[in-house]
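# Understanding the architecture of this molecule
Chain residues, written in single-letter form:
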There are 4 protein chains.
Amino acid sequence: MGNTFGQLLRITTFGESHGPGIGVVIDGCPPRLPITAEEIQFELDRRRPGQSDISTPRKEADHVEILSGVYEGKTLGTPIALLVRNLDHRPQAYDEMREKFRPSHADFCYQTKYGIRNPEGGGRSSARETIGRVAAGAIAVKILRLAANVEIRAFVQSIQEITAKETSDFPSLSSIEANPVRCPDPIAAQQMTERIKSVRAQGDSVGGVIKCRIRNLPAGLGEPVFDRLEADLAKAMLSLPATKGFEIGSGFEGTLLTGTAHNDALEMRNGAVHTKTNHSGGIQGGISNGEEIYFRIAFKPTATVMRPQPTVDIHGNNTEIIGKGRHDPCVLPRAVPIVEAMAALVLLDHWMRDHAQNHAFEF
Amino acid sequence: MGNTFGQLLRITTFGESHGPGIGVVIDGCPPRLPITAEEIQFELDRRRPGQSDISTPRKEADHVEILSGVYEGKTLGTPIALLVRNLDHRPQAYDEMREKFRPSHADFCYQTKYGIRNPEGGGRSSARETIGRVAAGAIAVKILRLAANVEIRAFVQSIQEITAKETSDFPSLSSIEANPVRCPDPIAAQQMTERIKSVRAQGDSVGGVIKCRIRNLPAGLGEPVFDRLEADLAKAMLSLPATKGFEIGSGFEGTLLTGTAHNDALEMRNGAVHTKTNHSGGIQGGISNGEEIYFRIAFKPTATVMRPQPTVDIHGNNTEIIGKGRHDPCVLPRAVPIVEAMAALVLLDHWMRDHAQNHAFEF
Amino acid sequence: MGNTFGQLLRITTFGESHGPGIGVVIDGCPPRLPITAEEIQFELDRRRPGQSDISTPRKEADHVEILSGVYEGKTLGTPIALLVRNLDHRPQAYDEMREKFRPSHADFCYQTKYGIRNPEGGGRSSARETIGRVAAGAIAVKILRLAANVEIRAFVQSIQEITAKETSDFPSLSSIEANPVRCPDPIAAQQMTERIKSVRAQGDSVGGVIKCRIRNLPAGLGEPVFDRLEADLAKAMLSLPATKGFEIGSGFEGTLLTGTAHNDALEMRNGAVHTKTNHSGGIQGGISNGEEIYFRIAFKPTATVMRPQPTVDIHGNNTEIIGKGRHDPCVLPRAVPIVEAMAALVLLDHWMRDHAQNHAFEF
Amino acid sequence: MGNTFGQLLRITTFGESHGPGIGVVIDGCPPRLPITAEEIQFELDRRRPGQSDISTPRKEADHVEILSGVYEGKTLGTPIALLVRNLDHRPQAYDEMREKFRPSHADFCYQTKYGIRNPEGGGRSSARETIGRVAAGAIAVKILRLAANVEIRAFVQSIQEITAKETSDFPSLSSIEANPVRCPDPIAAQQMTERIKSVRAQGDSVGGVIKCRIRNLPAGLGEPVFDRLEADLAKAMLSLPATKGFEIGSGFEGTLLTGTAHNDALEMRNGAVHTKTNHSGGIQGGISNGEEIYFRIAFKPTATVMRPQPTVDIHGNNTEIIGKGRHDPCVLPRAVPIVEAMAALVLLDHWMRDHAQNHAFEF
């Protein structure tokens, strides 16, 4: 259970890290959308392994095949199934993991829950699962762009204490793709890259914060009371591997302010209602208000480190384990497109929900 | 849409702040549970207005009636409908709110989304909606306690910069209920109370952080990949009014550590697998590992302040509004039982989901 | 579980036959719909007990109260909670039912499933549960009528072997309400009424078939492959108490034809695509084609009869039971508005689903 | 939308008739079940084309590949993705179908709903979609058999007016697989086979009725009030292509009886509660009572006939069309395993739902 996301635009992902393949079925995609495998591949290439000298050297082309739902270049309104074959298997690399639980990984929990697990590369708990999310997200991103020029831009805001300089300008895709760490501040990006290389050299790993900004989203999206837009975004982001926190708008820092300082006063601007400030982060009462949406996500340091760590084996003995396989010393650069994909899936789903209730009838 | 929460233990809340009543329907509650209206009332009394000199003076007994699903003191397995009548209506108090949008409230967003809104006390966007959650949560809390002595304890950790001293001991209910601010550190509690009174005297408001700790939860709860336990907790908490952030375990601070420092090494302890540290916050790979679960939620300062603020009216004119009605200068003390309720609903739902897939059959 | 129906227009019913009340929460209703308690009461009066000399003499005004979701005569887009209090309790009438399972009732099954049951009037398994459906359906019927003049007309087609004469004309509401049995053929209606009175005089009961016809429904509603329009109609109808069968279009009789005789040839008529015949019953491939939709539902004879029947008690002894309480000798006349309500709920839900996927975006 | 079935055991099918492939993702399958591709293939072979001289000559091996969710021969509790490649493409055979709507097919409805369709072999509306259902059903069938020796047996009961002799004995799989028409009465089977060949020789087609019997199902499955077991079975069956009716137990014929004749009296038998008769068809109040479940499904004659029929083209002109491609003159023999699969999926889902609510806690 738990492998489906969304109410109206519903994605179901499948696949283990070293099984035959990884994929996704997208149900509810609007018909007649022009889409090609290349457009989906573009986003997959942003998350695939081996793309830079600070990511894992695992070699996977992550080539996507469209199995259904698209005909002569357009969506049919039927389920779109996308498949990526796993190629770079090395089952023998995982012999130790059959016997030992890796600290701060899901091994022990999967074994306890299911009484069985696929130890090869973490099986289902591998971040390879997010391939399906990114592939589906590529379609959602395109629809939102065509519908209202909605732009979703995630980037690495900090690695450990190294933090990018904040700008009010909406960051461009090219400024983010300009460096392997995906940080729009080139000076911070350089420091982050060095930090990642340095901790990797020590067999260690680091975490950080990804920020996501969204503009041009119309007001009115979000379903109170449980399916508030920020609640669904929080769930989407906390469903990503290695995430430990989410904050929207003023977040935890906003708790230091008083109400008069925190409130976003309203004013007419260019004939429309706007807020003067944006501590709310573009959402009030669970519904978008038309301002920029922004939120931050905390990613812990990669759990796999190349140093011996105390652990337990499946027979209940204390032992040690040392990281093997090919791993990212920092997951954030490759997580940037995943965050964008999840944000797009949430927004598109809410767009459709809003449309169904509020635009299907006029009274 | 969006008024139902949970997959197997499913609650649906209804009601506007000044409509005839507020309530909840709980579907999926296990049968044969002994439950009384008094047990539910106990939790409602913890969240009701007028309970202390730092909460709103609105007078509502919030008396709960069980409409269905309970027979001769036991649950039937059928839907449990609970109703609380609204008594302290003052519709005339809301005349200005018909015409003007309150800053950092949901007024403008509801109007934009639905083309209509109930302006009295915020209508559906009022925190009175959480009555249904607390009532349902009282049942979930009892089930979890009976099942495995699961304890869920939320408390106010900080108001603005005033922060409670952390203890490793699990805080007792009596230590939290000992002061009106619901903070287990009596010195901090005193400072918080003074701060709240002081900002209220200035017609202003404050926010802060609630922490929630959960012990005795068995390992194995949580549904990867989208319905991770922390993802569902994050959604539950961000679905509460005034929340701006959620972090589990090490949260945002954990992003400053390296992997070797952050990882929770495993060890055998008393014949069972345990972690030495608990940066994970009791969940790995989306599944509980049997350790204590803890998370923090940021609540913004109350949006209603007793000072004039710039805003816009429904005709598109710039204007001013000043808070009326009876409001909490700080929502956190009354939010404590709401956080516990939502946590209980998430955990119970996941307990049932885990049971369905993993315990219904033996192979 | 299982007390919620619909994906986007979602109703949740609650209540036991002799508990405090029966009701429904409707989530997803479009905002700004003018609706009054009187409009809902009109449909409830069609299903309430004691309305004629062939229905149960139980005295229930079934007065509906709107608890939420409507403000100044219009829907808010928030959940609409509707409550009907149970008044005519006679708990002592059910002492025997505590001890004995009534044949062909749900008593034994509820006891087996839940380990507990409310024996008073059948508790949750009573047809009083359908009050919530009819109340919700009244709103759906109004929306469909306003949107496209969709008309939904159910009527009693047969009681045992007495069958109404078929007409191609769409039957009027007045022709159906003209007699207590709700059959538009006055001669058959007279015979049916006599049959019902005659079997009641013998302490016995009868069943029959309700037919439902729907016109003006646009083409394009229905979600293949599982949520075909006829599949959701079938589920809706088989979820009604006492139903044993459903057929759409040519139904079981259509299995006697060859393909060439059965196929509905297409032709242009008044500038639009139409079928020459309508064996399909207005649905092809799970999607409405714009023709009249018609289907039939089999209702078994009422299980409660005023004669001694062999049964078993809760201690596992063979015994006898004789019907008590006040019951309909034939459920069909009062089931007519229930069938219409369920049909309306299915159609409105599919309208919204179609709108969300196929009309929210233009490419 | 609408491509997912089930609440806890959730299947999502995908694929067009002549696209790259057809498949299914199964979420919620219990872990540790031993399963092989061969076991799934066995059921697929029962539904695949070209298996006998009365089915379509389309050549498809329908070879299934397990893409995920199974490791070393056992299920992992993670999603099981199954893929069947389409091989026997003949796109040029469908040129006429681009321009013309086939009568009593879904062509016109898909075009109207989605504004686009894949005309090759009916695209998504093809019965090839049921491959995914049968593959998933094979797993459900195995689980139910292992759990309680539940047996699900469907067979062809009638073709047009030719009807199999009813037996009280539960029919064996071998008696059904003994002839190509899948009817356990060999004499009727012979007549049916001849009828099918005869109508095919005339370029025509026939329909009929499939009956399904289920034994050893425990009492207590089914979720009132909307998700009654018979309601979910009805939906499952009416979601199959070409179905026009469903009846459970006494069905439409039962409407001719009086209550005293129809009621299933209870009695103690071998120390357990049983019914003397079984007009209920094993379900009362929406919940299984432990008796045999039986139901009947009406299948219309195949819509594709090899004779000219009046129709309309996509430009709105009246025209004619004559069936091309390779089609079954009667869908029933190949539908038998599909009915069993859908029944198994419904029962397993309800088993899990019952377990979650009623067996996860003891009070």
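Notes on the structure follow. The model shown is predicted, which means the values in this text are computed figures rather than measured ones. (Residues numbered from 1 in each chain as written. Chains lettered and ligands numbered in written order. Predicted model: local features only at pLDDT ≥ 70, side-chain atom pairs only at ≥ 80, totals over all residues.)

## Thoughts on the interface of chain B and chain A
Each side of the interface is counted separately: chain B has 92 residues, and chain A has 92 residues. Here the residues of the side of chain B that touches chain A are counted per class, giving 36 nonpolar, 37 polar and 19 charged. Sheet topology places strand 11 (residues 243–248) of chain A next to strand 11 (residues 243–248) of chain B; three bridges connect them, and they run antiparallel. Pairing of A:Gly245 across the sheet is with B:Glu247, part of strand 11 of chain B. (Contact = placed C-beta atoms within 7 Å. Nonpolar A, V, L, I, M, F, W, Y, C, P; charged D, E, K, R; others polar. Pairing = 2+ DSSP bridges. Helix = DSSP H or I, 4+ residues; strand = E, 2+ residues; numbered from the N terminus.)

## Some thoughts on the relation of the copies chain B and chain A
Laying chain B over chain A is done by rotating through 180° and shifting 0.0 Å along the axis; what remains is an RMSD of 0.0 Å. The transformation relating the two chain copies, once decomposed into turn and shift, fits a two-fold axis. (Least-squares fit on C-alpha atoms with pLDDT ≥ 70 in both.)

## Some words on the pairing of strand 2 (residues 10–14) of chain D
Residue and element names in this part refer to chain D. Of all five residues making up strand 2, five are buried, and the element is well covered by its neighbours. Burial along strand 2 is two-sided: Arg-10, Thr-12 and Phe-14 facing one way and Ile-11 and Thr-13 facing the other are all buried. Sheet topology places strand 1 (residues 4–5) next to strand 2; two bridges connect them, and they run antiparallel. For Phe-5, the partnering residue across the bridge sits in strand 2 and is Ile-11. If you look at the hairpin formed by strand 1 and strand 2, you'll find four residues sitting between the two strands, and Gly-6 has a positive phi there, around 105°. Sheet topology note: the strand 2/strand 3 (residues 21–27) ladder contains five bridges and is antiparallel. Considered in strand 3, the bridge of Ile-11 is made with Ile-26. (Buried ≥ 20, exposed ≤ 12 C-beta atoms within 10 Å, placed from the backbone.)

## Considerations on the packing of helix 7 (residues 229–238) of chain C against helix 9 (residues 332–358) of chain C
Residues and elements named next belong to chain C. At a closest axis distance of 10 Å, the pairing of helix 7 and helix 9 adopts a crossing angle of 145°. With respect to the hand of their crossing, helix 7 and helix 9 are arranged in right-handed fashion. Taking contact as the criterion, the partners of Leu-229, Asp-232, Leu-233, Ala-236 and Met-237 in helix 7 are, on helix 9, Val-339, Met-342, Ala-343, Leu-345, Val-346 and His-350. Split by residue class, the contact of helix 7 with helix 9 holds nine nonpolar, one polar and one charged. (Axes fitted to C-alpha atoms, helices over the stretch in contact; angles between N-to-C directions. Left-handed = near helix turned anticlockwise from the far one by under 90°.)

## Some points on the relation of the copies chain A and chain D
For the match of chain A to chain D, the screw axis carries a shift of 0.0 Å, the RMSD comes to 0.0 Å, and the turn is 180°. Taken together, the interface assignments show that 100% of the residues at the interface of chain A recur at the interface of chain D, consistent with an identical surface on both copies.

## Thoughts on the packing of helix 4 (residues 130–148) of chain D against helix 9 (residues 332–358) of chain D
Residue and element names in this part refer to chain D. Taken N-terminus to C-terminus, the directions of helix 4 and helix 9 make an angle of 55°; their axes are 7 Å apart at the nearest point. With respect to each other, helix 4 and helix 9 are oriented oblique. Viewed along their axes, helix 4 and helix 9 form a crossing whose handedness is left-handed. Contacts between helix 4 and helix 9 involve Thr-130, Arg-133, Val-134, Ala-136, Gly-137, Ala-138, Ala-140, Val-141, Ile-143 and Leu-144 from the former and Pro-337, Ile-338, Glu-340, Ala-341, Met-342, Ala-344, Leu-345, Leu-347 and Leu-348 from the latter. (Parallel < 35°, antiparallel > 145°, perpendicular 65-115°, else oblique.)

## Describing the sheet that holds strand 8 (residues 151–159) of chain A
Pairing in this open sheet of 10 strands is antiparallel, and the strands run 9(A)-8(A)-10(A)-16(A)-11(A)-11(B)-16(B)-10(B)-8(B)-9(B) from one edge to the other. Edge positions in the sheet fall to strand 9 (162–163) of chain A together with strand 9 (162–163) of chain B, since each of these pairs with one other strand and no more. Taken together, the two bridges between strand 8 of chain A and strand 9 of chain A define a ladder with antiparallel strand orientation. Following the sheet pairing, A:Ser158 is matched in strand 9 of chain A by A:Thr163.

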